[in-house]
Amino acid sequence: MLLWAPVAFTVIGVALGVGLIAVADADPTNGSAAYGYLGLVAWGVLLVLSPVLLGSFIAGLVMVTRARR
């Protein structure tokens, strides 16, 4: 859980951010700029949570390494 959850959250967050920015860029006339801002918020959340995600990933790696010995 500690090993793959941070990877999954990061991949989902990056994909969500790119997808929202792509939606905002596809139709600039229909007021879809809010999707671009939501994409930037998603990336901001990843930036703020990156130490926590990295810490839990490293803890998961340590646990897996110790369990295999």
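Because the structure is predicted, anything quoted here is derived from the model rather than measured.

## Focus: the overall build of the chain
Step number 1: In terms of helices and strands, the chain carries 2 helices and 0 strands.
Step number 2: Its C-alpha atoms give the chain a radius of gyration of 16 Å, more than 25% over the compact-globule value 11 Å for 69 residues.
Step number 3: Within the chain, the proportion of its 69 residues that are buried is 22%.
Step number 4: Taking contacts inside the chain between residues at least 6 apart in sequence as the whole, the part at least 24 apart equals 62%.
Step number 5: Within the structure as shown, the chain displays about 5,100 Å² of accessible surface, and the carbon and sulfur contribution to it stands at 76%.

## Re helix α1 (residues 5-26)
Step number 1: Over its 22 residues, α1 extends 31 Å from the first C-alpha to the last, a length consistent with the 32 Å expected when each residue adds 1.5 Å.
Step number 2: Along α1, the residues classified as buried are Ala 5, Pro 6, Gly 13, Gly 17, Leu 20 and Ala 24. Along the long axis of α1, the arc covered by the buried residues comes to 100 degrees, so they all point the same way. The outward face of α1, more than 90 degrees from its buried face, is lined by the exposed residues Val 11, Ile 12, Asp 25 and Ala 26.
Step number 3: The inward-facing, buried residues of α1 contact α2 (33-67).

## Examining the side chain of Ser 56
Step number 1: The topology assignment puts Ser 56 in helix α2.
Step number 2: A polar contact of 3.1 Å, which involves the side chain of Ser 56, links it to the backbone oxygen of Leu 53.
Step number 3: With residues up to four places along the chain from it excluded, the contact list for Ser 56 reads Leu 2 and Pro 6.

## Observations concerning α2
Step number 1: End to end, α2 covers 48 Å across 35 residues, agreeing with the expected 51 Å (1.5 Å per residue, within 8%).
Step number 2: Of all the bends found along α2, the most pronounced is centred on Leu 49 and spans about 55 degrees, while Pro 51, a proline, follows it within four residues.
Step number 3: Residues of α2 that are buried make contact with α1.

## Quick notes on the packing of α1 against α2
Step number 1: Contact geometry of α1 with α2 gives a least axis separation of 8 Å together with a crossing angle of 165 degrees. When the interaxial angle is binned, α1 and α2 end up roughly antiparallel. In the packing of α1 onto α2, the handedness of the crossing is left-handed.
Step number 2: A class-by-class count of the residues in the contact of α1 with α2 yields 18 nonpolar, 6 polar and no charged.

About the cut-offs
Residues numbered from 1 in each chain as written. Predicted model: local features only at pLDDT ≥ 70, side-chain atom pairs only at ≥ 80, totals over all residues. Heavy atoms only, no water. Helix = DSSP H or I, 4+ residues; strand = E, 2+ residues; numbered from the N terminus. Rg over C-alpha atoms; globule rule 2.2 N^0.38 Å. Buried < 20%, exposed > 50% of the residue type's maximum accessible area, 1.4 Å probe, protein only. Contact = heavy atoms within 4.5 Å. Areas by Shrake-Rupley, 256 points an atom, 1.4 Å probe, with all protein chains shown as cover. Expected span 1.5 Å × (residues − 1). Arc of directions from axis to C-beta. Polar contact = N/O pair within 3.5 Å; in protein donor to acceptor, adjacent residues only side chain to side chain. Bend = angle between axes of the 7 residues up to and from the residue. Axes fitted to C-alpha atoms, helices over the stretch in contact; angles between N-to-C directions. Parallel < 35°, antiparallel > 145°, perpendicular 65-115°, else oblique. Left-handed = near helix turned anticlockwise from the far one by under 90°. Nonpolar A, V, L, I, M, F, W, Y, C, P; charged D, E, K, R; others polar.

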